[in-house]
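One letter stands for each residue in the lines below.
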Amino acid sequence: MSYLFAAYAVFWALTFVFVFGIASRQKKLEKEMEALRRALERKKQQES
Amino acid sequence: MQFLNKTLAIVWKDVLAELRTKEMFSSMFVFALLLVVIFSFSFDLRVEKVAEVAPGVLWVTFAFAGTLQLNRALSAEIEEGRLDGLLLAPMERSTIYFGKMLGNLLFISATEAVMLPIFSVVFNLNLIRPAFLLTVFLGTVGFAAVGTLLATMAANTRAREVMLPVLLFPIILPVVISAVKLTAGILDGLPWASLAHWLRLLIGFDIIFLAVSYMAFDYLVQG
Amino acid sequence: MNRDSRWGDWLNAVSGVMMIVALYLVFLYAPREATMGDVQRIFYFHVPSAWVGFFAFFVTFLAGIAYLRGGKRRWDVVGFSSAEIGVAFTAMAVITGSFWAKPTWNAWWPWQQEPRLMLVTILLLIYFAYFMLRAFLQDEEQKARFAAVYGIVAFASVPLTFLSIRWWQRLHPVVFDRGGTGLTRPMLLTFLFCLLTFTMLYFTLLLHRVRLARLVDEVEGLKKRLYSGERG
């Protein structure tokens with residue numbers, strides 16, 4: 001029984017690590033993209 | 001005919017270069033010799049009949065020495081910009097693949113030919129038999145077929161010396177297993193009928209990977 | 001982008017619900033196996049993990065062919081995303097399998113006695129090599145091309161590897177036998193549902209992973225525009 005529990009615990013732990021890994025990287029990238037977009041905007045305004 | 005001539009021209013170019021320096025052959029030979037010596041030291045103390053580990057030692061030696069050849073053959077080609085020259089020559093790219101493959105086959109076979117009598121002496125076995133020579137040939141063809149493709153790939157990366165064995169060995173596993181099994185079977189004097197499936201596997205691997213590598217090589221050297 | 005994210009939400013919901021149903025089936029619906037006991041319930045997640053791993057490598061193989069034919073960046077993205085998911089699920093299959101093997105075979109990882117375990121070991125090595133190859137190349141286009149070729153060659157060798165390991169083991173005494181997979185009807189139903197759930201989960205993860213890769217590309221593009229603007 002404890003083996004069953006351990007197997008599922010490890011399985012879910014790994015799945016969550018994988019999913020949250022993707023999710024957090026996605027969030028970080030979205031933020032970075034926002035920042036970059038704003039920087040580009042500012043640059044355009046300065047140039048014009 | 002044209003195709004054959006051009007392929008042979010590439011092989012001939014490599015043979016000439018090698019004849020001039022004898023760099024590759026001598027380093028491969030010394031390396032193989034060292035491997036045999038190290039293996040016989042590491043097994044002698046614990047294994048009662050050295051003949052039992054001989055097939056494994058033999059093929060590991062061939063695989064390592066062959067890797068040395070593949071690495072050198074293609075990284076030299078790329079380092080010195082000779083591959084670009086070959087690509088500019090008016091011929092199909094697959095010709096280059098077959099040329100390099102045959103060259104590798106030739107050089108590895110030459111080393112093996114010199115190593116076999118030495119093996120026979122060190123392990124006190126008669127290895128010069130037609131069935132065994134056929135096994136060595138087929139195994140080397142499979143090795144050179146995939147090896148030439150992957151060595152071209154590895155030569156383009158950083159850390160190329162490490163890259164080739166990492167890429168090559170997991171893929172070459174069927175060749176190693178079936179060649180070791182055939183060698184052991186021949187040494188034990190098993191009837192051919194009980195070994196035929198290994199021979200078929202080896203031939204199958206050779207055909208499949210010659211075809212796949214031939215088709216894939218084009219994509220490696222473009223651009 | 002909008003249509004894409006709607007797809008993502010939809011897939012998220014479906015695989016989430018299916019996962020809950022699968023868990024219910026595994027722990028409450030499926031009967032207790034007579035000889036192995038509750039440990040057998042690992043099987044319902046173990047086999048689908050292995051299946052998804054293998055399927056993911058097959059997708060990498062197909063994406064490799066598609067990339068070489070058309071040279072479209074998106075196929076390369078699908079290829080390496082799928083390989084990544086494949087490695088993750090193969091690792092899960094290995095771990096859940098070990099927890100099953102310990103009480104049943106009394107060994108965590110008897111890989112030299114079981115052809116399937118050996119094949120999985122080789123598969124993991126092959127795809128570690130795949131990612132190493134990518135890491136050691138700089139040019140994106142070359143990376144995609146080489147990885148596609150390696151994905152094809154690697155997958156082509158898998159059947160031969162399995163065959164040779166099978167035959168190789170035939171000469172050894174068969175130490176481990178799976179035993180009759182005499183699944184009763186509810187067990188079979190649970191198993192098939194888990195298989196479906198995992199396949200769904202695979203596509204969900206693939207979609208998100210591909211989207212992540214696309215975001216990386218977009219950010220790179222923006223950065224380039226920003227810096228080239230500075231210079232100009």
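Computed from a predicted model, the values in this text were never measured in an experiment.

Participant: I tried to follow the overall build of chain A on my own but got confused; where do I start?
Facilitator: Along chain A, the regular secondary structure elements total one helix and zero strands. Counting only C-alpha atoms and orienting by the principal axes, one finds that chain A spans roughly 70 × 5 × 5 Å. Of the roughly 3500 Å² of accessible surface on chain A, 64% is carried by carbon and sulfur atoms.

Participant: I keep staring at the packing of helix α3 (residues 54-79) of chain B against helix α6 (residues 130-155) of chain B and nothing clicks. Help me out?
Facilitator: Pairs of packed helices are described in terms of their axes, by the angle between the two and the distance that separates them. Residues and elements named next belong to chain B. In the contact formed by α3 and α6, the axes pass within 9 Å of each other and the chain directions differ by 35 degrees. Note on packing geometry: the crossing formed by α3 with α6 is right-handed. On α6, the residues touching Leu58, Trp59, Phe62, Ala63, Gly66, Thr67, Leu70, Leu74, Ser75 and Ile78 of α3 are Phe132, Thr135, Val136, Gly139, Phe143, Gly147, Thr148, Ala151, Thr152 and Ala155. Considered class by class, the residues forming the contact of α3 with α6 number twelve nonpolar, eight polar and no charged.

Participant: Help me understand empty space enclosed by the protein, please; the structure alone is not making it clear to me.
Facilitator: Over the atoms, a rolled probe matching the size of one water molecule traces out where space is still vacant. Counted by the stated rule, this structure contains three cavities of 30 Å³ or more. Counted as a void, the largest cavity has a volume near 90 Å³. Contributing elements (two or more residues each) for the lining of the largest cavity: α3, α5 (93-123), α6 and α7 (160-187) of chain B. Of the residues that constitute the lining of the largest cavity, the class distribution is seven nonpolar, two polar and one charged. Of the volumes computed, that of the second largest cavity is approximately 40 Å³. Along its surface, the second largest cavity is lined by Thr60, Ala63, Gly64, Tyr67, Trp75, Asp76, Gly79, Tyr130, Ala144 and Ala148 of chain C. Going through the elements one at a time, α2 (43-70), α3 (73-105) and α5 (140-170) of chain C are the ones with two or more residues in the lining of the second largest cavity. Broken down by element, the residue count for the lining of the second largest cavity peaks at four residues, all from α2 of chain C. Residue composition of the lining of the second largest cavity, by class: six nonpolar, three polar and one charged.

Participant: Help me understand the confidence of the model for chain C, please; the structure alone is not making it clear to me.
Facilitator: Predicted coordinates in areas of low pLDDT are best not read in detail. With 89% of its residues at a pLDDT of 70 or more, chain C has an overall mean of 84. Averaged pLDDT values over the elements of chain C bottom out at 82 in helix α1 (residues 2-29) of chain C and peak at 91 in α2 of chain C.

Participant: Please clarify how the arrangement of the chains should be interpreted in this entry.
Facilitator: Interchain contacts are distributed over two pairs of chains, and the most extensive set of them lies between chains A and C. Nothing in chain A touches chain B, and the closest approach of their C-alpha atoms is 26 Å.

Participant: Just to check I follow, could you spell out the interface of chain A and chain C for this structure?
Facilitator: Often, the extent of an interface is quoted as the loss of accessible area on bringing the components together. Contacts between the two partners involve 27 residues from chain A, matched on the other side by 37 residues from chain C. One can count two residue pairs in polar contact (both at pLDDT 80 or more) joining chain A with chain C. Partitioned by chemical class, the residues of the side of chain A that touches chain C number 18 nonpolar, two polar and seven charged.

Participant: Teacher, can you tell me more about the nonpolar core here?
Facilitator: Most often, soluble globular proteins keep nonpolar side chains buried together rather than apart. Counting 154 residues, the largest nonpolar core has Leu150 of chain B together with Tyr44, Tyr127 and Tyr150 of chain C as its most contacted members. When near neighbours in sequence (up to four residues on either side) are disregarded, Tyr150 of chain C contacts Leu150, Met153, Val166, Leu167 and Ile171 of chain B together with Ile126, Ala129, Tyr130 and Leu133 of chain C.

Participant: What am I meant to see in the layout of surface pockets here?
Facilitator: Space inside the largest pocket adds up to approximately 1000 Å³. Taken together, 37 residues make up the lining of the largest pocket; nearest its centre are Gly56, Val176, Ile177 and Val180 of chain B together with Trp168 of chain C. Secondary structure elements with two or more residues in the lining of the largest pocket: α3, α7 and α8 (196-221) of chain B together with α4 (115-135) and α5 of chain C. For the lining of the largest pocket, a count of residues per class yields 26 nonpolar, six polar and five charged.

Participant: Is there a simple way to explain unusual backbone geometry in this structure?
Facilitator: Glycine aside, a negative phi is what most residues show, and trans is what most peptide bonds show. All names here are of chain B. A positive phi angle, close to 55 degrees, is found at Asn124, a residue other than glycine. Mapped onto the elements, Asn124 comes out in the loop between α5 and α6. We classify Asn124 as exposed; its relative accessible area is 69%.

Participant: What's the story with the interface of chain C and chain B in this structure? I'm lost.
Facilitator: Across the contact, 28 residues belong to chain C and 29 residues belong to chain B. When chain C packs against chain B, the two sides together hide about 2700 Å² of surface, and 79% of this comes from carbon and sulfur. Among the residues of chain C in contact with chain B, Phe136, Leu160 and Trp167 of chain C are the three that bury the most area, contributing 21% of the side total. Put simply, chain C and chain B have zero salt bridges between them. The tally of links from chain C across to chain B stands at five residue pairs in polar contact (both at pLDDT 80 or more). Listing elements by their share of the side of chain C that touches chain B, those giving two or more residues are α4 and α5 of chain C. The dominant element in the side of chain C that touches chain B, judged by the number of residues it contributes, is α5 of chain C, at 16 residues. Tallied by class, residues from the side of chain C that touches chain B come to 22 nonpolar, five polar and one charged.

Participant: Hey, could you run me through the packing of aromatic side chains in this one?
Facilitator: How two aromatic rings sit relative to each other is set out by the distance from centre to centre and by the angle between their planes. Considering all chains together, one arrives at 35 aromatic pairs over all chains under this definition. Summarising the aromatic geometry, the rings of Phe62 of chain B and Phe119 of chain B are spaced 6.1 Å apart at their centres and angled 85 degrees between planes, so their arrangement reads as edge-to-face. One end of the pair, Phe62 of chain B, is in helix α3; the other, Phe119 of chain B, is in helix α5, with 57 residues separating them in the sequence. Of the two residues examined, Phe62 of chain B and Phe119 of chain B, each falls in the buried class. Judged by centre distance (5.2 Å) and plane angle (90 degrees), the rings of Tyr130 of chain C and Phe131 of chain C are edge-to-face. Put simply, the rings of Tyr8, Phe11, Trp12, Phe16 and Phe20 of chain A together with Phe27, Phe45, Phe89 and Phe198 of chain C touch in pairs and so form one group of aromatic residues.

Reading guide: rules and limits
- Residues numbered from 1 in each chain as written.
- Chains lettered and ligands numbered in written order.
- Predicted model: local features only at pLDDT ≥ 70, side-chain atom pairs only at ≥ 80, totals over all residues.
- Heavy atoms only, no water.
- Helix = DSSP H or I, 4+ residues; strand = E, 2+ residues; numbered from the N terminus.
- Areas by Shrake-Rupley, 256 points an atom, 1.4 Å probe, with all protein chains shown as cover.
- Axes fitted to C-alpha atoms, helices over the stretch in contact; angles between N-to-C directions.
- Left-handed = near helix turned anticlockwise from the far one by under 90°.
- Contact = heavy atoms within 4.5 Å.
- Nonpolar A, V, L, I, M, F, W, Y, C, P; charged D, E, K, R; others polar.
- 1 Å grid on protein atoms, 1.4 Å probe; cavity = no way out; pocket = protein on both sides within 12 Å on 5 of 7 lines; lining within 4 Å.
- Points joined across faces, edges and corners; volume = space filled by probe spheres on them.
- pLDDT = per-residue confidence, 0-100.
- Polar contact = N/O pair within 3.5 Å; in protein donor to acceptor, adjacent residues only side chain to side chain.
- Core = buried A, V, L, I, M, F, W, Y, C linked by side-chain atoms within 4.5 Å.
- Buried < 20%, exposed > 50% of the residue type's maximum accessible area, 1.4 Å probe, protein only.
- Buried area = accessible area lost by both parts, 1.4 Å probe.
- Salt bridge = Lys/Arg side-chain N within 4 Å of Asp/Glu carboxyl O.
- Phe/Tyr/Trp six-rings, centres within 6.5 Å; stacked < 30°, edge-to-face > 60°.

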